[in-house]
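# Coordinate analysis (summary)
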Amino acid sequence: MNTIVKPKLWVPGDWNAFFGFGTNILVNLLTLSALLRFVLKMPDEMVFKHILPAAGLMMCMSTFYYAWLAYRLAKKTGRTDVCALPSGISVPHMFIVTFVIMLPVKLATGDPMKGWQAGLTWVFIQSFVLMLGGFLAPIVRRITPKAALLGALAGVSITFISMKPALEMFMTPLVGVICFAIILVSWFGGVKYGGIPAGLVAIAGGSVIAWGSNLFGLNFGGMSLEALKGSFQTFSFAAPTPVVSLVLGGLHWEFLKVILVTAIPFGIYDLVEAMDNVVSASAAGDEYPTTRVLTADGVVSLIGCLMGNPYINAVYIGHPGWKAMGGRIGYSAATGLMVIVLSWFGVISLMTALIPVVAISPILLYIGMLIGSQAFQESPKRHAPAIVMALVPSLAAWGKLQIDNSLGSVAGIHNITPDMIASMAQTGVFYHGLAILGGGSILAGVVLGAITTYIVDRQFMKAAGFACAGGVLTFFGLMHGEAIGINQTPTVALSYIVVGGVLGLCAKLVTVTAPAPEHEEAAEEGLMPSPAVE
């Protein structure tokens, strides 16, 4: 007689994942509150009494839901190693909605309430894009090679996930590098710290070094008693309240037009990114239903929006990392409870004053390392060139962002003129190329990776299909464009269509030999077979 084993809600490895994922969420909340208070200049009353409690409610719902999905999967399969999907506020869109939507409206009207309203409207529209797109995602996932999806994700992990924490670590090495070593020898090297999670050891060790450095006047990590005392002023209870009347209510069409033009394409971006992360979890052994995941992101984002949160929810990159450090079901639900405490009781500023960010950075770099590695580990070796191709657009997008931020912060330049682009080109900085290649980087990575994968596999008609799809997406500015619209980068769009035609002719007119068994064995040994063309 078979007995159903009830999955454990908490295992020792959940402590590691909780401290790692929890600190990741904490950093995002700290960044979010800083954007609201210091960029948008919103009153603390609005930030701590309305927006953060609503964001906390949304993230709690999300993390509990994915813990429940993991529980169901573990119960269905009888496995004990099922890991819940990580989720939270989409970090790229945190900056996009702040600088592209909320800030311009706030500056144009002089009213932070209007800026908040614009953000709510943006999320409202994007939520429906996610919910509807969830039913198309399984089809896209079925026809897109794993190398393309994981390769695009690797590009994001190497650039936007790994680079910032790596730079922060080496700017304050006595905290960052030491914490990184503590994490590496445990999560990669198998060293145990007497039952204490490595993430907690790293954070505690980094905090001790940072605070201890103040005794010698070194001030590593920027910790101060004044900031610590000031952090207690935000302590108070605040639960979210509905703000339905603000959503789609009273915004001028001039603002709504910008919101519509950006919310729909970025909703598609979220769709592809979430699908990539579901594929990443599948490669790590946990198969989750794509439609259910994407529609859940849309539903919790909609609820959060109606309660006052102007930021979208998303499945996070990093599932294999949390699973590798022992995370299962409980870490996700525990993080949801932690977020409620932080956001509803005003504890966020206290955590900012106690823990140096550089002590948390190594955890994010570790996650980036794992995701970047997974693309190569979980795909056939012959697809390695496709993975490299898929991550290149993210490198371009990251490079352009560094230039934009540098010019903006040093010289106050936010509009790059043709003369400036020409001047940069003379020194080998091809800004225009970075803008084109990096536009819609995750979509571009998937398309270019898929084309390359199918060429390697000599399935030219499928490669032609993705090339033509790339041409259409480019024509409307969803790829390789600096704005959404019609005929944004026509020469690039035409190039994709021509490539599709060439590949179609190859499929009809050229005969190529399929990879022979010995070629497959060579590929497994890391050798790249040369295609034989007759």
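Going by the structure above, here's the rest.
Bear in mind that the values here come from a model prediction, so they are computed numbers and not experimental data. Along each chain, the written sequence defines residue order, and numbers are assigned to residues from 1. In keeping with the predicted nature of the model, local features appear solely for residues at pLDDT of at least 70, side-chain atom pairs appear and are counted solely at 80 or more, and the whole-chain, interface and lining totals rest on all residues. Working from all heavy atoms in the structure, the side-chain values ignore hydrogens and water.

### Focus on the overall build of the chain
Within the chain, the secondary structure is distributed over 23 helices and two strands. Over its C-alpha trace the chain gives a radius of gyration of 24 Å, about what one expects of a compact globule, namely 24 Å for 534 residues. Structurally, the chain occupies a C-alpha span of about 75 × 65 × 55 Å along its principal axes. Should any heavy atoms of two residues lie within 4.5 Å, those residues are considered in contact. Intrachain contacts of the chain at a sequence separation of at least 6 include 82% that bridge at least 24 residues. Using the Shrake-Rupley algorithm and a 1.4 Å probe, accessible areas are obtained, with residue cover drawn only from the displayed protein chains. With the model as given, the accessible surface of the chain reaches about 23,200 Å², and the carbon-plus-sulfur share is 70%. For the chain, the separation between the mean place of its 27 positive charges and that of its 25 negative charges on side chains is 8 Å. The helix and strand labels rest on DSSP assignments: H or I over at least four residues marks a helix, E over at least two residues marks a strand, and numbering proceeds from the N terminus. Computation of the radius of gyration draws on C-alpha atoms, with the globule rule given as 2.2 Å multiplied by the number of residues to the power 0.38. Think of it this way: Lys and Arg go in the positive column, Asp and Glu in the negative one, and His and the chain ends go nowhere. Here the site of a charge means NZ on Lys, CZ on Arg, CG on Asp, or CD on Glu.

### Re the nonpolar core
The term nonpolar core refers to a set of buried residues drawn from Ala, Val, Leu, Ile, Met, Phe, Trp, Tyr and Cys, joined through side-chain atoms within 4.5 Å. Between buried and exposed lies partly exposed: a residue is buried under 20% and exposed over 50% of the maximum accessible area for its type, with that area taken using a 1.4 Å probe on protein chains only. Judged by nonpolar contacts, the single largest core of 129 residues is most densely connected at L36, M42, I89, Y288 and W322. Ranked by residues supplied to this core, first place goes to helix α2 (residues 44–77) with 15 residues. With residues near it in sequence (within four places) discarded, L36 still touches K41, M42, V47, I51, M102 and Y311.

### With respect to the environment of W116
Residue position: W116 is located in helix α4 (residues 112–133). Classification of W116 by relative accessible area gives buried; the value is 4%. Once the C-alpha coordinates of W116 and G308 are considered, the two residues, 192 residues apart in sequence, prove to be 8.4 Å apart. Beyond its immediate stretch of four places on either side in the chain, W116 contacts M42, M46, H50, I51, M102, V243, L246, G308 and P310.

### Here's the deal with the pattern of salt bridges
By definition here, a salt bridge exists when the distance from a side-chain nitrogen of Lys or Arg to a carboxyl oxygen of Asp or Glu is within 4 Å. Applying the stated rule across the entire model yields eight salt bridges. D44 is the salt-bridge partner of R37, the closest N and O atoms lying 2.9 Å from each other. D44 sits in the partly exposed class, given a relative accessible area of 37%. For D286, the salt bridge is made with K323, and the minimal N-O distance between the two is 3.0 Å. Here D286 is found in the loop between α11 (253–283) and α12 (290–307), whereas its partner K323 is found in helix α13 (residues 319–324), with 37 residues between them in sequence. K323 shares its class with D286; the two are buried. Salt bridges sharing partners connect three or more residues here, namely R79, D81, D286 and K323.

### Let's talk about unusual backbone geometry
At N219, a residue that is not glycine, the phi angle is positive and equals roughly 55°. Looking at the secondary structure, you find N219 in the loop between α9 (198–213) and α10 (225–231). A positive phi angle, close to 60°, is found at R458, a residue other than glycine. Within the element layout of this structure, R458 appears in the loop between α20 (441–456) and α21 (460–475).

### Examining the packing of aromatic side chains
Under the pairing criterion, centres of Phe, Tyr and Trp rings, with the six-membered ring standing for Trp, must be within 6.5 Å; the plane angle then separates stacked pairs below 30 degrees from edge-to-face pairs above 60, leaving the rest tilted. Taken as a whole and judged by the stated rule, the model has 16 aromatic pairs. On the numbers, 4.8 Å between centres and 50° between planes, the contact of W187 with Y366 is tilted. One end of the pair, W187, is in helix α8 (residues 173–187); the other, Y366, is in helix α16 (residues 357–377), with 179 residues separating them in the sequence. Three or more aromatic residues joined by ring pairs make a cluster, and in this case those are W10, W15, F18 and F19.

### Details of the side chain of N309
The topology assignment puts N309 in the loop between α12 and β2 (313–315). For N309, a relative accessible area of 0% translates into the label buried. Polar contacts here mean pairs of N or O atoms no more than 3.5 Å apart (in protein, one a potential hydrogen donor and the other a potential acceptor; neighbouring residues in sequence count only if both atoms are side-chain atoms). In terms of polar contacts, N309 uses its side chain to reach the backbone carbonyl oxygen of Y311, at 2.7 Å. In contact with N309, not counting residues within four places along its chain, are A54, A55, M58, I89, L120, V123 and G304.

### Focus on empty space enclosed by the protein
Lining residues are those with an atom within 4 Å of a point, where the points come from a 1 Å grid over the protein atoms alone and group into cavities, where a 1.4 Å probe fits but cannot get out, or pockets, open sets with protein on both sides within 12 Å along at least five of seven lines. Grid points are joined across faces, edges and corners, and a volume is the space filled by probe spheres set on the points. Considering all chains together, one arrives at one cavity of 30 Å³ or more under this definition. Reported here for the largest cavity is a volume of approximately 30 Å³. L153, N277, S280, Y316, I317, G318, H319, P320 and I371 are the residues that line the largest cavity. For the lining of the largest cavity, the elements supplying multiple residues, two or more each, are α11 and α13. Of the residues contributing to the lining of the largest cavity, the split by class is five nonpolar, four polar and no charged. Basically, the charged four are Asp, Glu, Lys and Arg, the nonpolar ten are Ala, Val, Leu, Ile, Met, Phe, Trp, Tyr, Cys and Pro, and anything else, Gly included, counts as polar.

### Examining α20
What a helix should span is 1.5 Å times the count of its residues minus one. Its 16 residues place the ends of α20 22 Å apart at the C-alpha level, agreeing with the 22 Å of an ideal helix rising 1.5 Å per residue. With 14 of 16 residues buried, α20 lies mostly within the body of the structure. A positive backbone phi angle near 60° is found at R458, which sits one or two residues after α20.

Honestly, that's just the spatial picture; any functional story needs more than this.
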